[in-house]
Amino acid sequence: MTNQQVKFFKELAYIQEYCINVRVGKERSPSDIEELLKDVTFEVIYRIMELLDRYGGELPKCNIVSSTTGEVINEGIELHDKCVVFLDNPLNSSRT
């Protein structure tokens, strides 16, 4: 994966962790609710990536373009496949 693609998935992983941490801070039993939230947010992100890849809905395949470099971040990859690796282990995200 390209550097821009890695950055894109790191941002998705950050959004997921942020949302979990905000919600877990409000719960009495963090371990149970954290796992639930991780599962739910993973599923939402995965479905959004499928939508961008044109698997579901009527949205045509979308290009995600870096406004800085002009690079098409999702060129040559399926977003929904790659997000599984990143959201499962965002710290080990340099894998291709």
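Refer to the structure printed above.
Throughout what follows, the structure given in this document is the object of discussion. It should be emphasised that the depicted structure is a prediction, and the values quoted were computed from it without experimental measurement. (Residues numbered from 1 in each chain as written. Predicted model: local features only at pLDDT ≥ 70, side-chain atom pairs only at ≥ 80, totals over all residues. Heavy atoms only, no water.)

Some points on the overall build of the protein chain
Helix and strand counts for the protein chain stand at three helices and zero strands. Of the regular secondary structure in the protein chain, the N- to C-terminal order runs α-α-α. Looking at the protein chain residue by residue over its 96 residues, the buried ones come to 32%. Across the protein chain, contacts joining residues at least 24 apart in sequence account for 56% of those joining residues at least 6 apart. With the model as given, the accessible surface of the protein chain reaches about 6300 Å², and the carbon-plus-sulfur share is 54%. (Helix = DSSP H or I, 4+ residues; strand = E, 2+ residues; numbered from the N terminus. Buried < 20%, exposed > 50% of the residue type's maximum accessible area, 1.4 Å probe, protein only. Contact = heavy atoms within 4.5 Å. Areas by Shrake-Rupley, 256 points an atom, 1.4 Å probe, with all protein chains shown as cover.)

A closer look at the nonpolar core
One finds Phe8, Phe9, Leu12, Met49, Ile64, Leu79 and Cys83 to be the most contacted residues of the largest nonpolar core, which totals 16 residues. Counting only elements with at least two residues in this core, the list comes to α1 (3-24), α2 (30-52) and α3 (79-88). For this core, the element with the highest residue contribution is α1, accounting for five residues. Excluding anything up to four places from it in sequence, Phe9 contacts Met1, Ile77, Leu79, Lys82, Cys83 and Phe86. (Core = buried A, V, L, I, M, F, W, Y, C linked by side-chain atoms within 4.5 Å.)

A short note on the packing of α1 against α3
Packing of α1 against α3 brings their axes to within 10 Å, and their N-to-C directions diverge by 60°. Between α1 and α3, the crossing angle belongs to the class labelled oblique. Relative to α3, α1 is oriented so that their crossing is right-handed. Here Val6, Phe8, Phe9, Lys10, Leu12, Ala13 and Gln16 of α1 come into contact with α3, specifically with Leu79, Lys82, Cys83, Phe86 and Leu87. Split into classes, the residues belonging to the contact of α1 with α3 amount to nine nonpolar, one polar and two charged. (Axes fitted to C-alpha atoms, helices over the stretch in contact; angles between N-to-C directions. Parallel < 35°, antiparallel > 145°, perpendicular 65-115°, else oblique. Left-handed = near helix turned anticlockwise from the far one by under 90°. Nonpolar A, V, L, I, M, F, W, Y, C, P; charged D, E, K, R; others polar.)

Here's the deal with α3
Of all the positions in α3, only Leu79, His80, Cys83, Phe86 and Leu87 are classed as buried. The arc that holds the buried residues of α3, viewed along the axis, is 115°, so those residues lie on one side. (Arc of directions from axis to C-beta.)

Some words on the packing of aromatic side chains
Using the criterion set out here, one finds two aromatic pairs in the structure. Here the aromatic rings of Phe42 and Tyr46 are separated by 6.1 Å at their centres, their planes lie at 20°, and the arrangement is stacked. With Phe42 and Tyr46 both in helix α2 and four residues apart, this pair spans about one turn of that helix. Residue class for Phe42 comes out partly exposed when judged on its relative accessible area of 22%. Take Tyr46: its relative accessible area is 16%, and that puts it in the buried class. (Phe/Tyr/Trp six-rings, centres within 6.5 Å; stacked < 30°, edge-to-face > 60°.)

Overview of the environment of Ile73
In this fold, Ile73 is placed in the loop between α2 and α3. For Ile73, a relative accessible area of 7% gives the class buried. As a C-alpha pair, Ile73 and Asn63 span 10 residues in sequence and 7.3 Å in three-dimensional space.

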